[in-house]
Amino acid sequence: MKRRHFIKNAALSSAGLAVSGSIVGCADTPSEEKKISLAPTSKKATLPMVIATWHVIDATAKAMEILQAGGNALDAVEQGCRVEEANEKGQSVGKGGLPDRDGNVTLDACIMNKHGNCGSVVYLQNITHAVSVARKVMENTPHVMLAGEGAKQFAISEGFKIENLLTDASKKAWEKWQVEAKYKPIINIENHDTIGMLAIDKNGDISGACTTSGLAYKLGGRVGDSPIIGSGLFIDNEIGGCVATGLGEEVVKTVGSFLVVELMRQGKSPQEACEEAIGRIVNKPHSNFKDFQVGYIAVNKKGETGSYSIHQWFSMTKFQDGVNEQIQSDYFNKG
Ligand code: SD4
């Protein structure tokens, strides 16, 4: 997938921050260039900190800039996610996202703050910054979720700009897909990556956000886990937070992010909680987990992190202690 790129040191230097020796490149397929460092949980964690799904160091750098300046975690996750939404090369989020089978780019996003308040948009069209619309839903309406045309009209009333989100590259990819038009409602290991972000600010408060264009070439109207509070994202400021990526249907069926936070409440570390939540998917009788990917990242109140997925090559970007790095996740399916 084109979006998978090597980590850019430029983003770090622009944020005036150190580069870790363990930073890894992320290619389409497993390669020797990849260094595996499984998500550490034991090292003493410091605040502020931010983590995100996949390989998004520009996004975590933006979030950390805000946190270091004393900004709050909510602003940090929103601004961090906006970096990827605006990145036209990313074909899974915001502008440039791959369309549904009919050629429509439809976005899902949500955001949740330290008070347990949240906002969400589903099936949003023609607005790049779905995460910011979700925040407006949280702050400026008595509702949690707005969908489709209603979400779009609300965004317009809030001053968001109407745009064509289908870039030439995504249109070409869709046209190529149409030659065979195989409808495979699975997300495999490398074909899509939502951005989910969790941050803890200097006050120790947690917020999270998640934004995606969803499963490429999905049925028109399909909505995944990403805008669903408790599935794609959950924050409890007393305990921690979790975000999910991968095949949303499987995350929704197990209410994954809420589950991870509840497991942490019961005393599990973020890593143990992510592993158990993946276990709930793969250990189902007749689970066809070999056909799809799901990954979780989580953080607890102390700033300790975990990440785990069904298959190899899921990663988490973490910015903590002055180091912005991509960390390969441990995974279930070791063959
Ligand atoms: C969805 N969970 O729509 C999203 C897609 C995703 O990595 O996360 N892809 O099901």
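Placed above this text is the structure.
Let me begin by describing the structure that accompanies this report. (Residues numbered from 1 in each chain as written. Predicted model: local features only at pLDDT ≥ 70, side-chain atom pairs only at ≥ 80, totals over all residues. Heavy atoms only, no water.)

## What about the overall build of the protein?
So, point 1. Summing up its helical and strand segments, the protein has nine helices and 13 strands in all.
So, point 2. Put simply, the protein has 335 residues, and 59% of those count as buried. (Helix = DSSP H or I, 4+ residues; strand = E, 2+ residues; numbered from the N terminus. Buried < 20%, exposed > 50% of the residue type's maximum accessible area, 1.4 Å probe, protein only.)

## Notes on the site of the ligand
So, point 1. Neighbouring residues of the ligand: 13 residues in total, closest Thr194, Arg222, Asp225, Thr245 and Gly246.
So, point 2. Taking Asp225, its side chain carries an N or O atom lying 2.6 Å from a nitrogen atom of the ligand.
So, point 3. The side chain of Thr245 places a nitrogen or oxygen atom 2.8 Å from an oxygen atom of the ligand.
So, point 4. Residue composition of the shell around the ligand, by class: two nonpolar, eight polar and three charged. (Near = heavy atom within 4 Å. Polar contact = N/O pair within 3.5 Å; in protein donor to acceptor, adjacent residues only side chain to side chain. Nonpolar A, V, L, I, M, F, W, Y, C, P; charged D, E, K, R; others polar.)

## Overview of the sheet that holds strand E13 (residues 330-331)
So, point 1. Pairing is mixed across the open sheet formed by five strands, whose spatial order is E7-E8-E9-E10-E13. Unpaired on one side and paired on the other, strand E7 (233-236) and E13 mark the two borders of the sheet.
So, point 2. Bridge count for E7 against strand E8 (residues 240-246) is four bridges, and the pairing is antiparallel. Each residue of the ladder has a partner; that of Leu233, found in E8, is Val243.
So, point 3. Of the strands in this sheet, E7, E8 and strand E9 (294-300) are in contact with helix H8 (residues 256-265), which crosses E8 at around 145 degrees.
So, point 4. In this fold helix H9 (residues 270-282) packs onto E9, strand E10 (305-309) and E13, with an angle of close to 20 degrees to the strand it touches most, E10. (Pairing = 2+ DSSP bridges. Contact = heavy atoms within 4.5 Å. Axes fitted to C-alpha atoms, helices over the stretch in contact; angles between N-to-C directions.)

## Re the sheet that holds strand E6 (residues 206-212)
So, point 1. Spatial ordering of the open sheet is given by E4-E3-E2-E6-E5-E1-E11-E12, a layout of eight strands whose pairing is mixed. At either end of the open sheet lies a strand with only one pairing partner, and these are strand E4 (145-147) and strand E12 (323-328). Going from strand to strand, the sheet's axes swing by 10 degrees on average, the running direction of each strand aside.
So, point 2. Two elements, strand E1 (residues 49-53) and strand E5 (residues 195-200), share four bridges in a ladder whose sense is antiparallel. Each bridged residue has a counterpart across the sheet, and for Ile51 the counterpart in E5 is Leu198.
So, point 3. Taken strand by strand, helix H3 (residues 73-86) contacts strand E2 (107-112), E5 and E6, and its axis lies near 155 degrees from that of E5.
So, point 4. In the packing of helix H5 (residues 148-157) onto the sheet, the strands contacted are strand E3 (118-124) and E4, and the crossing angle to E4 comes to about 105 degrees.

## Some words on the pairing of E2
So, point 1. Extensive coverage of E2 is indicated by the burial of six of its six residues.
So, point 2. Of the pairings in the sheet, the one linking E2 to E3 comprises five bridges and is antiparallel in character. Among the inter-strand pairings, Ile111 is bridged to a residue of E3, identified as Gly119.
So, point 3. Connecting the antiparallel pair E2 and E3 is a turn made up of five residues, with Gly116 showing a positive phi of about 80 degrees.
So, point 4. In this structure, E2 lies alongside E6, joined through five bridges in antiparallel fashion. Residue Ile111 lies in a different strand from E6, and its bridge partner there is Ala209.

## Some words on the pattern of salt bridges
So, point 1. Taken as a whole and judged by the stated rule, the model has 16 salt bridges.
So, point 2. Its salt-bridge partner being Lys62, residue Glu65 comes within 3.5 Å of it at the nearest N-O pair. Taken together, the positions of Glu65 and Lys62, both in helix H2 (residues 57-68) and three residues apart, correspond to about one turn of that helix.
So, point 3. For Arg222, the salt bridge is made with Glu249, and the minimal N-O distance between the two is 2.7 Å. Within this pair, whereas Arg222 is found in the loop between E6 and E7, its partner Glu249 is found in helix H7 (residues 248-253), the two being separated by 27 residues in sequence.
So, point 4. Its relative accessible area of 29% is what places Glu249 among the partly exposed residues. (Salt bridge = Lys/Arg side-chain N within 4 Å of Asp/Glu carboxyl O.)

## A look at the packing of H3 against helix H4 (residues 130-140)
So, point 1. The contact between H3 and H4 brings their axes to 8 Å, and the two run at 150 degrees. Two secondary-structure elements touch here, H3 through Leu74, Asp75, Glu78, Cys81, Arg82 and Glu85 and H4 through Ala130, Val131, Ser132, Arg135, Met138 and Glu139.

## Some words on the packing of H4 against H5
Packed helices, taken two at a time, are described by their axes: the angle between them and the distance between them.
So, point 1. Taken N-terminus to C-terminus, the directions of H4 and H5 make an angle of 85 degrees; their axes are 10 Å apart at the nearest point. The orientation of H4 relative to H5 falls into the category roughly perpendicular. Across the interface between the two elements, Val133, Lys136 and Val137 from H4 touch Ala151, Phe154 and Ala155 from H5.
So, point 2. For the contact of H4 with H5, the class distribution of residues is five nonpolar, no polar and one charged. (Parallel < 35°, antiparallel > 145°, perpendicular 65-115°, else oblique.)

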